[in-house]
Amino acid sequence: MTLKVAETEQGVWTVLHICGELDLVTAPVVRRHVHDAVALGRHDVVLDLSEVMFCDSSGVGVLVAARRLMSSCGGRLRLILPARGAEEGSHVNRVLAALGVRRLFAVFPDRFAAVDEKARPLPA
């Protein structure tokens, strides 16, 4: 399966909607999109992972690297993962939790919450 990335802007947020599998082959595509956003001065990034059906350690690595990059430039990174019990995208949530890195991320259930400055992230 291939990976598709669609980019939109909502206020100060750059939203990258990622669809497909996040693995060794496709992780560099996500990395490039995040770096391109930062290079354009967009330091608040949302990664919409609700349609990512598979994520391996390379995918987790690119998420952790994106978090580190956003932190180093004074930006923010938010992830969109479906709420508990949702089938689509739940794989990524399980992988992050199993590796003990889920707590590192501000996770939101949908795009509306992710770009809302007053919304609180889902509990880890």
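For the structure, see preceding data.
Worth saying up front: this structure is predicted, and the values here are computed from it rather than measured. (Residues numbered from 1 in each chain as written. Predicted model: local features only at pLDDT ≥ 70, side-chain atom pairs only at ≥ 80, totals over all residues. Heavy atoms only, no water.)

> Which residues make up the nonpolar core, and what values go with them?
By size, the foremost hydrophobic cluster in this structure holds 29 residues, and its most contacted members are Leu47, Leu49, Leu79 and Leu96. Counting residues per element, the ones that place at least two in this core are strand 2 (13-22), helix 1 (27-39), strand 3 (44-55), helix 2 (57-72), strand 4 (76-80) and helix 3 (90-98). Per element, the largest residue contribution to this core is 6 residues, and it comes from helix 2. With sequence-adjacent residues up to four places away left out, Leu79 is seen in contact with Leu47, Leu49, Leu63, Leu96, Phe105, Ala106, Val107 and Phe108. In this structure, Trp13, Val15, Ala113 and Ala119 belong to the second largest nonpolar core, which totals 9 residues. (Core = buried A, V, L, I, M, F, W, Y, C linked by side-chain atoms within 4.5 Å. Buried < 20%, exposed > 50% of the residue type's maximum accessible area, 1.4 Å probe, protein only. Helix = DSSP H or I, 4+ residues; strand = E, 2+ residues; numbered from the N terminus. Contact = heavy atoms within 4.5 Å.)

> Before we move on, could you go through helix 2 and cite the residues and values that matter?
Here helix 2 is 16 residues long and its end C-alpha atoms lie 22 Å apart, about the 22 Å a rise of 1.5 Å per residue gives. Every buried residue of helix 2 is accounted for by Gly59, Val60, Val62, Leu63, Ala66, Leu69 and Met70. Turning to helix 2, the residues buried within the fold contact strand 2, helix 1, strand 3, strand 4 and helix 3. For helix 2, the N-terminal cap is Asp56; the gap from its side-chain oxygen to the backbone nitrogen of Ser58 is 2.9 Å. Looking one or two residues past helix 2, Gly74 carries a phi angle of roughly 75 degrees, positive in sign. (Expected span 1.5 Å × (residues − 1). Polar contact = N/O pair within 3.5 Å; in protein donor to acceptor, adjacent residues only side chain to side chain.)

> Account for the packing of helix 1 against helix 2, with residues named and values stated.
Taken N-terminus to C-terminus, the directions of helix 1 and helix 2 make an angle of 10 degrees; their axes are 9 Å apart at the nearest point. The pairing of helix 1 with helix 2 is recorded here as roughly parallel in orientation. The residues of helix 2 that touch helix 1, namely those facing Ala27, Val30, Arg31, Val34, His35 and Val38, are Ser58, Gly59, Val62, Ala66, Leu69 and Met70. Tallied by class, the residues present in the contact of helix 1 with helix 2 amount to 8 nonpolar, 3 polar and 1 charged. (Axes fitted to C-alpha atoms, helices over the stretch in contact; angles between N-to-C directions. Parallel < 35°, antiparallel > 145°, perpendicular 65-115°, else oblique. Nonpolar A, V, L, I, M, F, W, Y, C, P; charged D, E, K, R; others polar.)

> Describe the environment of Arg32, with residues and values.
Within the fold, Arg32 resides in helix 1. Linking Arg32 and Val62, residues 30 residues apart in sequence, is a C-alpha distance of 9.9 Å.

> Would you mind going over the pattern of salt bridges in detail, with residue names and values included?
Under the definition given, this model contains 5 salt bridges. Ionic pairing is found between Asp36 and Arg32, a salt bridge with its closest N-O pair at 3.9 Å. Taken together, the positions of Asp36 and Arg32, both in helix 1 and 4 residues apart, correspond to about one turn of that helix. Assessed through its relative accessible area of 45%, Arg32 is described here as partly exposed. Each of Asp44, Arg76 and Glu117 takes part in a single network of salt bridges with overlapping partners. (Salt bridge = Lys/Arg side-chain N within 4 Å of Asp/Glu carboxyl O.)

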